[in-house]
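Now for the letters of each chain:
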Amino acid sequence: MAVLKTLKSSVDKTFAILEYFTVQKPEWSITELARELDSNKSTVYRFLSDMEKRGVMYQDSNSGKYGLGLKLFELGNRVQINSAFTDITHPSLVKVGESITETVHIGILKNKQVYYVDKVESPKGLRISTTIGSFSPVHATSLGKILLAFSHDLNLIVSEKLKSYTANTLTNQKELVTELKKIKSQGYAVDYEEFEIGLICVAVPIYNQKNEVVASLSAAGPANRFKQNELPNYVKKLEKGAKEIQMNIGNFKPNL
């Protein structure tokens, strides 16, 4: 509990400091900030120094004053770019969901995991325990296996220990590499209850207009509703949605 209180206090103090940097006064000295915050200079210096190390602040070598660093600009652009991406792609995701009538997702590769950037629920009532902004393992999901198959970091990722989630999860690295090569060749991936028993997912890559794979698009539904002979039809509908997204996103690449 003490750690949580300290963290909350640190976050509060960090943002309290940041709010003093305005267009009217973009630079502050330690003494000025300490006076405004009614705090001692050593505490203010510690916070500013930590933020400077992370690029959130810069220190002018002549005046010694601090100003806002480029990290904030980078983070701001990251939010704008990723939200702009989902603003553009969501209508296509809705169309795919209506066509397939299963839950559909868009995921990107982030921190060696699948990061869910958008989701449309199935109209058939089944709720899948994924949320926008959450993560799933790359080796046990169709979204992840697509991203892995086209990733330049493939060897780095599959060199790690592969966790088992169900009896169907691929945990043998050589077998996974073999499957990933097959996925890249055929252009789609299937997760046969590999992450969650009773759930089957099909995914295809999303390309930008430079023909770089920047995300993946999947449909997920209960195993008892999945028909193997319908797989080509699922893939066709997903590829149609992915192609529409490609036409709309230009040269977008996730800003991670």
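Computed from a predicted model, the values in this text were never measured in an experiment.

**Q** Would you mind going over helix α2 (residues 30-37) with me for this structure?
**A** Residues spaced three or four apart along an α-helix face the same direction, because each turn holds 3.6 residues. The set of residues buried in α2 consists of E32, L33 and A34. Immediately beyond the C-terminal end of α2, within one or two residues, lies D38, with a positive phi of roughly 55 degrees.

**Q** Honestly, empty space enclosed by the protein in this entry has me stumped. Any pointers?
**A** Unfilled space is identified by rolling a water-sized probe across the atoms. Under the criterion given, the structure shown has 1 cavity of 30 Å³ or more. Each pocket or cavity is described by its volume, and for the largest cavity that value is around 90 Å³. Around the largest cavity sit I100, E102, I200, C201, V202, A219, A220, G221, P222, R225, F226 and Y234, which together line it. Mapped by element, the contributors of at least two residues to the lining of the largest cavity are β8 (199-207) and β9 (213-222). Counting residues per element, the lining of the largest cavity draws most heavily on β9, at 4 residues. Here the lining of the largest cavity is built from residues that sort into 9 nonpolar, 1 polar and 2 charged.

**Q** How do you make sense of helix α8 (residues 231-249) when you look at a structure like this?
**A** Compared with the 27 Å implied by 1.5 Å per residue over 19 residues, the 27 Å span of α8 between its first and last C-alpha is a close match. Here α8 has its buried residues at L231, Y234, V235, L238, G241, A242, I245, Q246 and I249. On an axial view of α8, the arc spanned by its buried residues comes to 145 degrees, and they lie on one face. Facing away from the buried side of α8, by more than 90 degrees, are the exposed residues P232, K236, K240 and M247.

**Q** Help me understand the layout of surface pockets in this model?
**A** The computed volume of the second largest pocket comes to approximately 190 Å³. Along its surface, the second largest pocket is lined by 13 residues, and K112, P137, V138, H139 and E160 are the ones closest to its centre. Ranked by residue count, the leading element in the lining of the second largest pocket is strand β6 (residues 135-137), at 3 residues.

**Q** Which parts of the structure should I look at to understand the environment of V104?
**A** Turning to its location among the elements, V104 is positioned in strand β4 (residues 103-110). Judged by relative accessible area, V104 falls into the buried class, the value being 0%. A C-alpha to C-alpha distance of 7.2 Å links V104 and L217, two positions 113 residues apart in sequence. Ignoring anything within four residues of it in the chain, the contact list for V104 reads L93, V96, G97, D118, K119, V120, S218 and A219.

**Q** So what exactly am I meant to see when it comes to the environment of L217 here?
**A** Position of L217 relative to the elements: it lies in strand β9. On a C-alpha basis, the gap between L217 and D118 in space is 9.6 Å, while along the polypeptide they are 99 residues apart. Discounting chain neighbours no more than four positions away, the residues touching L217 are L93, V96, H105, I106, L143, V202, A203, V204, I206, L238, G241 and A242.

**Q** Just checking my understanding: could you explain the pattern of salt bridges for this structure?
**A** Think of it this way: side chains of opposite charge can pair up when their charged atoms draw near. Here the structure, examined in full by the defined rule, presents 7 salt bridges. The shortest N-O distance in the salt bridge between E32 and K65 comes to 4.0 Å. Taken together, the residues E32 in helix α2 and K65 in the loop between β2 (57-59) and β3 (66-68) connect sequence positions 33 residues apart. What makes K65 partly exposed here is its relative accessible area of 25%. Residue E194 pairs with K145 through a salt bridge whose shortest N-O separation is 2.9 Å. Here K145 lies in helix α5 (residues 142-149) and E194 lies in the loop between β7 (189-192) and β8, a separation of 49 residues in the sequence.

**Q** Explain the sheet that holds strand β5 (residues 113-120) here, please?
**A** Picture the strands of a sheet paired through backbone hydrogen bonds; they go either parallel or antiparallel. The sheet built from 6 strands is open, its strands ordered β6-β5-β4-β9-β8-β7 with antiparallel pairing. Two strands lie at the open edges of the sheet, namely β6 and β7, each paired on one side alone. For this sheet, the mean inter-axis angle between neighbouring strands, taken without regard to orientation, is 35 degrees. As paired strands, β7 and β8 are joined by 4 bridges and run antiparallel to one another. Along β8, the bridge assignment pairs Y192 with I200.

What counts as what
Residues numbered from 1 in each chain as written. Predicted model: local features only at pLDDT ≥ 70, side-chain atom pairs only at ≥ 80, totals over all residues. Heavy atoms only, no water. Buried < 20%, exposed > 50% of the residue type's maximum accessible area, 1.4 Å probe, protein only. Helix = DSSP H or I, 4+ residues; strand = E, 2+ residues; numbered from the N terminus. 1 Å grid on protein atoms, 1.4 Å probe; cavity = no way out; pocket = protein on both sides within 12 Å on 5 of 7 lines; lining within 4 Å. Points joined across faces, edges and corners; volume = space filled by probe spheres on them. Nonpolar A, V, L, I, M, F, W, Y, C, P; charged D, E, K, R; others polar. Expected span 1.5 Å × (residues − 1). Arc of directions from axis to C-beta. Contact = heavy atoms within 4.5 Å. Salt bridge = Lys/Arg side-chain N within 4 Å of Asp/Glu carboxyl O. Pairing = 2+ DSSP bridges. Axes fitted to C-alpha atoms, helices over the stretch in contact; angles between N-to-C directions.

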